[in-house]
Amino acid sequence: MSEGLSAWDRLLLIRDKARPSAADYIPLIFDRFYELHGDRLFGDDHALWGGIAKIDGIPVTVLAQVKGHTLEENKRCNFAMPHPEGYRKALRLMKQAEKFSRPVICFIDTPGAFCGIGAEERGQGEAIARNLMEMMRLKTPIVSVVLGEGGSGGALGLGVCDEMAMLSNAVYSVISPRGCASILWKDPSRERDAAEMLRITAADIVALGIAEAIIEEPAGGAQKNLQLMASNITEYLRGAILKLSKLPIELLLQRRYDKFRSIGEFTEAE
Amino acid sequence: MIQELFEQVKSRVAPPRSATPQRRLDVPDNLLYRCPRCGGVVLMEDFEKNGRVCAECGYHARLAAPERIRMTVDPGSMQELDAGMKSCNPIGFEGYTRKLEQLQKATGLDDAIITGECTIKGQRCVIGVMDSRFMMASMGSVVGEKIARAFEYAVRRRLPVVLFTASGGARMQEGILSLMQMAKTSAAVALHNDAGLLYITVLTDPTTGGITASFASLGDIIIAEPKVLVGFAGRRVIEGTIREKLPEDFQTAEFLQEHGFVDMIVPRHDLRRTLGHLIKLHARPETDTAGITGEGEEHV
Ligand SMILES: [Zn+2]
């Protein structure tokens, strides 16, 4: 359906302000969502929501990076760029999920973790690093879905999981194409070229062994049919949770470790 | 957003701040060292004798990995692990293969890290040293794999790990695979941590981007050399966001310690002794004697 689009075409689609965000999907996917606020250390980050909900009668913990549709909304959610307290709230709620044996569902949609003075003072690097380590050994299933933009370390802070899916137009990248272009050619306007070089599309991410599934979007992108998109995501989540919940925790953790451990390509001396 | 880090790191260090006119001395350049922080000029010989620390301002200049190892480990004790592991340009990034070959030739390194087993003041440990000469010690598949293997090796032999970090972040030339090395290395740290073993990080100039958002921030004890640059986002990126100049000490070791992210700042000439003491302090009776034998031999 969305085959044949270039990485650049897809970037334009996901930058569309009308594209649904996690805030639009959550009420359609879950029976009821109780938002839980704050990291208990510093504050509450509106760029990263957390809460508990039910899907098919199964209680789950939901973590989501949330973009706005208007400038007003985006100011409040900081364009989905979390501060350290966002990642620490996520970790608090993941530990809570572990305690109550609830699967964790992460919706990734961020240009990246926020870059600013407060973020540095409060340890943006440390907050993400801590999540990577703790998610790796969290004793409950974790499923991540990249809804739109998977921006670097800020995305990975919710991306250590047992199974990952990409919406068919979503991208996941180590660096923004714009950033890459400005380093490579000292010319940020060549982001289009960089986008094609970085292998950031859903098909690339699956081919490279980082995601397991692609959730198909309607022609013209998720924004063309919110209901259909939400139901496609729901269907994927049901299947993934059902499958992962059957695995013994030991096996689940071993699979998770092995998945990330095996990523990377290199040659070795004889 | 591990953006513009290479640029940022370069710009932070390359141009000397010295507004003072530089006196042209009739001495060949390689006999002099000009400090990028204070602009002071000293004889290269004195600078080297001082462990590549500026006598004027205390700036701890970057070290090549082999030099750091020579300064840190007991003579003759270093046994390198995974030598010869090289990048294969996994996403076919234009110009990357050539760049790798040039750097391998220029530095004698395979990639941006050397790992191995050694003793420091008689204490056995696994050591890893990143080298900023190699693509600003950015982390791609090779760096990630060598770090993961170093931790796994240490788990099998019940050894502590000491990592000297320096990096511009994840290596964009390997795309998403580089980003995933952050998860991979953090997984290996978790494994080592679960085994109850000691992990010490030594943050050196510059430790930035994806490295601070993974293994560099996960040490049981985090040491930094004085005045080094440590941070997640590039200075220029932040200045672009907030549209004002950042304070001079922003993202220095001292700044990080003040905000609670560094345990101790240790000058270079004290590092070897400090590491030796800390490792000894954590030694348990069963790890004092030679390591566990007979457990599956190393991957080749
Ligand atoms: Zn100086």
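Per chain, residue numbering runs from 1 following the sequence as it is written. Here the convention is simple: chains get letters from A, ligands get numbers from 1, in the order in which they are written. Local features in a predicted model are, by the rule used here, given only for residues with pLDDT of at least 70; side-chain atom pairs are given and counted only at 80 or more, and totals for whole chains, interfaces and linings are based on all residues. Hydrogens and water molecules were not included; the side-chain quantities draw on all heavy atoms of the structure.

### Section: the pairing of strand 4 (residues 104–110) of chain A
All names here are of chain A. Definition in use: Exposed residues in this analysis have more than 50% of their type's maximum accessible area, buried residues have under 20%, and partly exposed residues fall in between, with area computed by a 1.4 Å probe over protein chains only. Secondary structure elements follow DSSP: runs of H or I no shorter than four residues count as helices, runs of E no shorter than two count as strands, and numbering proceeds from the N terminus. By this definition, two strands are paired if DSSP reports at least two bridges between them.
In terms of residue burial, strand 4 counts as a mostly covered element, since seven of its seven residues are buried. Looking at chain direction, strand 3 (residues 58–65) and strand 4 are connected through four bridges and run parallel. Each residue of the ladder has a partner; that of T61, found in strand 4, is V104. With six bridges joining them, strand 4 and strand 5 (residues 142–151) adopt parallel strand pairing. The residue bridging C106 from the neighbouring strand is S144, located in strand 5.

### With respect to the interface of chain B and chain A
Quick note on the threshold: Note on contacts: a residue pair is in contact if any heavy atoms of the two residues lie within 4.5 Å. Two parts placed together each lose some accessible area under a 1.4 Å probe, and adding up what both lose gives the buried area. The salt bridge criterion pairs a side-chain nitrogen of Lys or Arg with a carboxyl oxygen of Asp or Glu, the two atoms within 4 Å. Identification of polar contacts relies on pairs of N or O atoms within 3.5 Å, with a donor-acceptor requirement for protein atoms, meaning one able to donate a hydrogen and the other able to accept it, and with residues adjacent in sequence counted only if both atoms are side-chain atoms. In this classification, Asp, Glu, Lys and Arg are treated as charged, Ala, Val, Leu, Ile, Met, Phe, Trp, Tyr, Cys and Pro as nonpolar, and every other residue, Gly included, as polar.
Listed as interface residues are 62 residues of chain B and, on the opposing side, 54 residues of chain A. Buried area between chain B and chain A, summed over both chains or domains, comes out near 5000 Å², and the portion from carbon and sulfur atoms is 69%. In this structure, E152 of chain B and R261 of chain A form a salt bridge, with 2.7 Å as the shortest nitrogen-oxygen distance. Linking chain B with chain A are 14 residue pairs in polar contact (both at pLDDT 80 or more), by the criterion used here. At the level of elements, helix 1 (5–13), helix 5 (141–157), helix 6 (175–194) and helix 7 (235–242) of chain B are the ones that each hand at least two residues to the side of chain B that touches chain A. Here the side of chain B that touches chain A takes 18 residues from helix 6 of chain B, the largest share from any one element. When its residues are assigned to classes, the side of chain B that touches chain A shows 37 nonpolar, 15 polar and ten charged.

### So, the domain arrangement of chain B
A common way to report how large an interface is uses the accessible area buried once the components associate. Residues and elements named next belong to chain B. The criterion, for reference: Each domain span listed reflects an automatic or database assignment of domains.
You can read the domains of chain B as domain 1 (30–61) and domain 2 (62–291). Contacts between the two partners involve nine residues from domain 1 and, on the opposite side, ten residues from domain 2. Across the pair D205 and R37 runs a salt bridge whose closest N-O atoms are separated by 3.9 Å. Between domain 1 and domain 2 we count eight residue pairs in polar contact (both at pLDDT 80 or more) in total.

### Observations concerning the coordination of the zinc ion
Residue and element names in this part refer to chain B. The condition is simple: The rule for donors is simple: an N, O or S atom within 2.8 Å of the metal counts, and for Na, K and Ca the reach is 3.2 Å. Water is not among the atoms, so a site may look short of donors. Sites are called tetrahedral only when four donors show all angles between 85 and 135 degrees, square planar or octahedral only when four or six donors show opposite pairs over 155 degrees and all other angles between 65 and 115, and irregular in any remaining case.
Every protein donor of the zinc ion is accounted for by C35 (SG), C38 (SG), C54 (SG) and C57 (SG), and the metal-donor separations fall at 2.2 to 2.4 Å. Considering all four donor atoms around the zinc ion, angles at the metal cover 106 to 114 degrees and the coordination shape is tetrahedral. Summarised as a motif, the one-chain spacing of the donors to the zinc ion is C-x2-C-x15-C-x2-C. In this structure C35 comes out as buried when scored by relative accessible area, which is 0%. Owing to a relative accessible area of 32%, C38 belongs among the partly exposed residues under this scheme.

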